[in-house]
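# Tertiary structure, described
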Amino acid sequence: MLSLVVGGLRTRWASLLGGFLALALGVGMLTATGLGLAAALDPPPRAPERFASSPVVVLGQDRLAVEVRRGPRTALTSQPLDRPQPVDAGVLRALGARWTLTRMGPGAPDAVGLDAPVEEVRAVVGERAQVLTGAERRRADPGHEDDTRELTGLNALLGTAGGVAAFVSVFVVASVFAFSVALRRREFGLLRTAGATPAQVRRLLLAEAAVLGVTASAAGCALGALAAPPMARALVARELAPAWFAGAAGGSAGWPYHLAFWTGLCVALAGAAAAAHRAGRTGPTAVLREADVDRDVLPPGRALLGAGLLAAGLGLLVWTYATEPEALLKRKTYTTLPMLLIGGAALLAPLLVRPVARLLPVPGGGAVGLLVRSNAAAAVRRTSAVAAPVLVSVALAGTLFGASESVARAKETEARERTAAASAEAGPTSLFVRDGAEAVVKYRARAVADPAAFAARARLPVVAGDLRDLDDRSIVVNEEFERRRVGEEVEVWRADGSGPVRLRVAAVLARGTGDNGPYVTRAQAPAPAPASAPDRLEQGSATDRLEQGAAPRPVNRAARTGLRLLLVLTLLYTVIALASTLLMATSVRGGELASLRLAGATRAQALRAVAGEALLAVAVGTVLGLAVTAAVLGALGAALGALSAPVTLALPWAETGAAAAVCAAVAVAASALPAWRLTR
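Residues numbered from 1 in each chain as written. Predicted model: local features only at pLDDT ≥ 70, side-chain atom pairs only at ≥ 80, totals over all residues. Heavy atoms only, no water.

## Points about the packing of helix α3 (residues 89-98) against helix α4 (residues 118-125)
To be explicit about the condition: Between the N-to-C directions of two axes lies an angle of 0 to 180 degrees, each axis being a line fitted to C-alpha atoms and, for a helix, fitted only over the stretch in contact. For helices the rule is a DSSP run of H or I covering at least 4 residues; for strands it is a run of E covering at least 2, with both sets numbered from the N terminus onward. In this scheme, a crossing is called left-handed if the near helix is turned counterclockwise away from the far one by less than a right angle; it is called right-handed if the turn is clockwise. The criterion used for residue contact is that any of the two residues' heavy atoms lie within 4.5 Å. Lys, Arg, Asp and Glu make up the charged group, whereas Ala, Val, Leu, Ile, Met, Phe, Trp, Tyr, Cys and Pro make up the nonpolar group; the residues left over, Gly among them, are polar.
At a minimum axis separation of 9 Å, α3 and α4 run at an interaxial angle of 145°. You can see that α3 and α4 cross each other, and the crossing is right-handed. Only Glu120, Val121, Val124 and Val125 of α4 make contact with α3, whose side of the interface consists of Val91, Ala94, Leu95 and Arg98. For the contact of α3 with α4, the residue count by class is six nonpolar, no polar and two charged.

## Let's talk about the side chain of Ser393
Cut-off, in case you're wondering: Only protein chains enter the calculation, and the probe is 1.4 Å; a residue is then buried if its accessible area is under 20% of its type maximum, exposed if over 50%, and partly exposed in between.
Mapped onto the elements, Ser393 comes out in helix α14 (residues 380-418). Taking the relative accessible area as the measure of exposure, Ser393 reaches 0% and is therefore buried.

## What to know about the pairing of strand β1 (residues 56-59)
Rules: Here the rule is simple: two strands pair whenever DSSP picks up at least two bridges between them.
Side chains Val56 and Val58 of β1 all project onto a buried face; the interleaved residues Val57 and Leu59 project onto the opposite face, where all are buried too. Summarising the sheet, β1 and strand β5 (residues 130-133) pair through four bridges and their orientation is antiparallel. Bridging across to β5, Val56 finds its partner in Thr133.

## Side note on the sheet that holds β1
Strand order in the open sheet formed by three strands is β4-β1-β5, and the pairing between neighbours is antiparallel. For this open sheet the edge positions go to β4 (111-114) and β5, each flanked by a neighbour on one side alone. Within the sheet, the average angular offset between the axes of one strand and its neighbour, ignoring direction, is 25°. In terms of strand pairing, β1 meets β4 through four bridges, oriented antiparallel. What sits directly across from Val56, in β4, is Leu114.

## What about the nonpolar core?
Defined as follows: As used in this record, nonpolar core signifies buried Ala, Val, Leu, Ile, Met, Phe, Trp, Tyr and Cys residues forming a set joined through side-chain atoms within 4.5 Å.
Membership of the largest hydrophobic core comes to 80 residues, with the highest contact counts inside it found for Val172, Tyr573 and Val620. Counting residues per element, this core draws most heavily on α14, which supplies 17 residues. Counting 18 residues, the second-largest nonpolar core is a separate cluster that includes Leu35, Ala39, Phe245 and Ala248.

## Here's the deal with unusual backbone geometry
One non-glycine residue, Ser644, lies in positive phi territory at about 60°. As for its placement among the helices and strands, Ser644 is situated in the loop between α20 (603-642) and α21 (653-678).

## A few points about the confidence of the model for the protein chain
The cut-off we apply is this: Scored from 0 to 100, pLDDT reflects the predictor's confidence in each residue.
Confidence in the prediction of the protein chain, expressed as mean pLDDT, is 80, and 86% of residues score 70 or more. In the model, residues 529-555 has pLDDT below 50 throughout and makes 71 contacts with residues more than four positions away in sequence or in other chains.

## Structural notes on the environment of Gly634
Residue placement: Gly634 occurs in helix α20. Measuring from C-alpha to C-alpha, the distance between Gly634 and Ala403 comes to 9.9 Å, with 231 residues separating the pair along the chain.

## Focus on α21
This is how it is decided: Residue count minus one, scaled by 1.5 Å, sets the expected span of a helix.
Along its 26 residues, α21 runs 37 Å from first to last C-alpha, staying within 8% of the 38 Å computed at 1.5 Å per residue. Among all positions in α21, only Thr656, Ala659, Ala660, Cys663, Ala664, Val666, Ala667, Ala670, Ser671, Pro674 and Ala675 are buried.

## Here we look at α4
Where we set the bar: Working definition: the arc comes from the directions between the helix axis and the C-beta atoms, pointing outward to the latter.
Of all the positions in α4, only Val121, Val124 and Val125 are classed as buried. Down the axis of α4, the sector holding all buried residues measures 90°, keeping them to one side. Turned more than 90 degrees off the buried face of α4, the exposed positions are Glu119 and Ala123. Residues of α4 that are buried make contact with β1, α3, β4 and β5.

Given below as structure tokens:
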């Protein structure tokens, strides 16, 4: 069996090259992103900067601790404050009376350094502040929270890239194996005629997949190890990761290699499993058949799985819209949900290509056009094998770019319409609100300086109450709040952790994109932070940028860089799948092309027919990809409307057009070049 497998791989290496490259690329991407995640999850120890010469640092409280209910008992839950509180004046006096204190900046300090026995310092401080030693002293550095925010975004970017790499590589490898098996029907028929059992045929294919998986996964791990350091440097150069990340991403962590290698091997075996089952059903009479019209192109198992994925994707879109429309605005939702629709449509491609192809104009025209349409309809396997990867690229480009741009535009439009001259009327702050007895939620709020002027200028989507009733003892909430009836009281803590206070609900706003309220007066906002305190407020929100006079920014740099990375990655897979499929498909059409020449067609007409079929298949995949995009963006638009947010859908024609153009160019080249050689 092993000699037969090795001999088969040596003979058919060209047909399996696409699967090898796709798998190696996927494993390489998983390895590189895994090494990046390992570095981000376990960052190297860094020396403190602000109090580098002080063995002990006393830091003001930087978290709000509130007692909540956990089942029959109670427990403390905590939320990070916008900035550490100043160190208690009594603590400073007690410490200063015994040791020399190192202060940074004027005013009440948020932290002080000292050289003293840590246990004695803890005995003096008690629960009134935090005592930090060793690497923990970095928590007092201004850049500490910036690193945390950057690492959070970096983890999301690397995790999404790895997930998309795994999803697309499974699809491409399965597609290459399935089409390869379809072209080897006569070979399997000969094996059955020679006495091979169905189980032996299946084992042969699975053994080929195992050899391919082991070699491609090993190559991918090596590729990922080489790619991780330059990937880290590129992320640092684009300010998407802290500076130290450039030297840490190529670390010695072993789990990314194991995860990538075994995932690659499982992908290869899973991709070949369905094809192996199909090959085992090939009977000895298949050697006598040489039909150009495909039959049984959609096995019951594939049809059931495709219909299930499509129904699950559509059902989740509808269910999420009906029960939690704001979830459709979250990146995790509009990144993962389309994959169900894409997978279902790709599996059902053999069923969809014929009706879609009939609706599209045929390239070539005349007799060539008729031949193109007839061949595309007859060779459903070939047409769907080309259309499916195009569908994946176009749909991912359309849904990811379209959804992210649409959500960002809605936020910008909502912020622009919400208030005029906002910088003069309201400023950013935070509020901590008790949500039932089990949780405390942190909200980005706005502190109003002049409630009367604000009520006159603001254009907020008020659904109950009146903005003019806002005063120092009241609050404007949105529909997300548990207590949202006018006149009810809400228990809140201020941004510096002071409180709680009970505020009466003066008005209720529509939920919108998530930035509608809450609003309080300046009486419920803390005093400005000390000059030395690291500001923990997240910068760059749509509202803040408008208030500071900055230009709108539809999608932040991290998100756009991540989307571009995913699009390039998907296009690479698509190019591999298209080139491999069309090179395999066209290389076995020598007899068909010779018959066409004998029937009177010129060489140019034959080449136009082959290229026209490839273009028609690309067009079919593009239409199906746009249909998936329309479903996702339609649900997103409905969700924005349900939330009373501006419905400003962005149709990413540039991205989808670029994906379709690249696919068309590769498809024409991969089909015309072997056809040109066969018609010499």
